[in-house]
Amino acid sequence: MLEDLLAAAAAVGAAGFAYVVAGARVVKQYERGLVFRLGRVVGPVRKPGFTMVIPAVDRMRKVNLQIVTMPVPAQEGITRDNVTVRVDAVVYFKVVDPQAAVVNVEDYRFAVSQMAQTSLRSIIGKSELDDLLSDREKLNQGLELMIDSPAVGWGVQIDRVEIKDVSLPDTMKRSMARQAEADRERRARIINADAELQASRKLAEAAQQMEGTPSALQLRLLQTVVAVAAEKNSTLVLPFPVELLRFLERAAQQQPLAPQQTMSQEPAAQAAPPPQTSSQPAPPPQQPPAPQQTPSQQPPTQPPSSQQTPPPQPSSQPPPAQAAAPYAAPSATP
């Protein structure tokens, strides 16, 4: 009799232990337990620690409350300024309502992933290329609002959305590289021009300062010589010696006296007759005078001819030597 009681107690104890083991559940710190009894959610959400359920009647589902990092696959789209790009992103979210995350949506992870992809495509179509490259913070906020709006009913909170990379076509990359290079060259030229302007102003001030003290120019030349001699050069060439500068300075002081001397020489030059040029015709040679003849010795005069020889025309070339006029010697009378 006693043995039967002991056997029954052992059987009851074994059955109770098996019941406890079958109904015992452990919920971790980052999890929450949701109990379904005959298909219906019963009781509050089970908190972390040890908990019991009715074996074969209750079924508990655990929900992770940690932040989930979900990469969004790269989406290809056309921006508002008609540029084809590929953009990928990453979404950080967590479950804040375990019951809504299990009951309201079949798979909240897949739902958030699909919503992130469609929102990313919508953001690409509404934005320009410059916004995707430079103003990502604004796009991230807009993308977060688009995903978080339907996710509130799923018991999910979107913590953060980040655009990771923007892939551009090779032709667009080359065009942007040329644009950036031209912009840098423009800025470099502006900086060089500004430097030249400032240097010219300083040089003008230095020239005005040295104008009053000529020795300052000599000292500056010596400083230049020292700077050039600091290098390892065996030959030193001075382009403007100091003696030449002094000579030019004395010449500049004597220059006002030169016009007075030239004015005193002008009347003498005007009094002297100009030399005759060779282009004027040479005078004809003079004929020897004919001897005087008596009336009986004079030859009979001839009547004047109607034809007269024209006078010789002056020419630029010198006339040839004219032959002497024929001279008739008087005949001696017996």
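Since we're looking at a predicted model, the values are computed, not measured. (Residues numbered from 1 in each chain as written. Predicted model: local features only at pLDDT ≥ 70, side-chain atom pairs only at ≥ 80, totals over all residues. Heavy atoms only, no water.)

> Mind laying out the sheet that holds strand β6 (residues 68-78), listing which residues take part and the relevant values?
Spatially, β6-β7-β8 is the arrangement adopted by the three strands of the open sheet, whose pairing is antiparallel. The open sheet terminates on both sides in strands that have one partner only, identified here as β6 and β8 (156-167). The sheet shows a mean angle of 25° between the axes of neighbouring strands, direction not considered. Its contacts with the sheet put helix α3 (residues 108-126) on β6, β7 (84-95) and β8, and the angle it makes with β6 is roughly 35°. Along the sheet, helix α5 (residues 136-151) contacts β7 and β8; its crossing angle with β8, the most-contacted strand, is approximately 140°. (Pairing = 2+ DSSP bridges. Helix = DSSP H or I, 4+ residues; strand = E, 2+ residues; numbered from the N terminus. Axes fitted to C-alpha atoms, helices over the stretch in contact; angles between N-to-C directions. Contact = heavy atoms within 4.5 Å.)

> Mind laying out the environment of Asp-97, listing which residues take part and the relevant values?
Among the structural elements, Asp-97 can be located in the loop between β7 and α2 (98-103). Once the C-alpha coordinates of Asp-97 and Arg-32 are considered, the two residues, 65 residues apart in sequence, prove to be 9.6 Å apart.

> Please provide a residue-by-residue account of the side chain of Asp-88, values included.
Tracing the chain through its elements places Asp-88 in strand β7. In this structure, Asp-88 is buried with no salt-bridge partner, the nearest side chain bearing the opposite charge being Lys-164 at 4.3 Å. A polar contact is formed between the side chain of Asp-88 and the backbone nitrogen of Asp-165, at a distance of 3.0 Å. Asp-88 has contacts with Val-72, Pro-73, Ala-74, Leu-120, Ile-163, Lys-164 and Asp-165, leaving out every residue within four places of it along the chain. (Buried < 20%, exposed > 50% of the residue type's maximum accessible area, 1.4 Å probe, protein only. Lys, Arg positive; Asp, Glu negative; His and termini not counted. Salt bridge = Lys/Arg side-chain N within 4 Å of Asp/Glu carboxyl O. Polar contact = N/O pair within 3.5 Å; in protein donor to acceptor, adjacent residues only side chain to side chain.)

> Now, about a nonpolar patch on the surface: what can you tell me, with residues and values included?
Together, Tyr-19, Val-20, Val-26, Leu-38, Phe-50, Met-52, Ile-54 and Val-57 make up an exposed nonpolar region whose accessible area comes to about 750 Å². With respect to the element layout, Met-52 can be found in strand β4 (residues 49-52). For Met-52, a relative accessible area of 32% gives the class partly exposed. (Patch = residues over 30% accessible without salt bridge, like charges linked within 9 Å, V, L, I, M, F, W, Y side chains within 5 Å. Areas by Shrake-Rupley, 256 points an atom, 1.4 Å probe, with all protein chains shown as cover.)

> Which residues make up α3, and what values do they have?
Compared with an ideal rise of 1.5 Å per residue, which puts 19 residues at 27 Å, α3 spans 27 Å between its outermost C-alpha atoms and is within 8% of the ideal. Those residues of α3 that sit buried are Tyr-108, Ala-111, Val-112, Ser-113, Ala-116, Gln-117, Ser-119, Leu-120, Ile-123 and Ile-124. Buried positions along α3 lie against β5 (58-64), β6, β7, α2, α5 and β8. Put simply, Asp-107 is the residue that caps the front of α3, since its side-chain oxygen is 3.3 Å from the backbone nitrogen of Arg-109. (Expected span 1.5 Å × (residues − 1).)

> Explain the confidence of the model for the chain residue by residue, including any values.
In this model, the chain carries an average pLDDT of 77, and 72% of its residues clear a pLDDT of 70 or more. Mean pLDDT across the elements of the chain bottoms out in helix α9 (residues 258-271) (50) and peaks in β7 (92). A low-confidence stretch, residues 267-282 stays under pLDDT 50, and its non-local contacts, those more than four residues away or across chains, total six contacts. A low-confidence stretch, residues 314-334 (pLDDT under 50), is modelled with 12 contacts involving residues beyond four sequence positions or located in other chains. (pLDDT = per-residue confidence, 0-100.)

> If you had to explain the nonpolar core to someone new, which residues and values would you point to?
Within the largest apolar cluster, 36 residues are counted, with the highest numbers of intra-cluster contacts made by Val-85, Val-91, Phe-93, Val-112, Val-156 and Ile-158. It is α3 that contributes the most residues to this core, seven residues altogether. If we skip the residues at most four places from it in the chain, Val-85 touches Gln-75, Glu-76, Gly-77, Thr-79, Ile-124, Leu-129, Leu-132, Val-166, Ser-167 and Leu-168. (Core = buried A, V, L, I, M, F, W, Y, C linked by side-chain atoms within 4.5 Å.)

> An account of the sheet that holds strand β2 (residues 31-37) is needed here, citing residue identities and associated values.
The three strands lie next to each other as β3-β2-β5, forming an open sheet whose pairing is antiparallel. Two strands lie at the open edges of the sheet, namely β3 (40-41) and β5, each paired on one side alone. Of the strand pairs in this sheet, β2 and β3 are connected by two bridges, and their pairing is antiparallel. Looking at β3, one finds that Phe-36 is bridged to Val-41.

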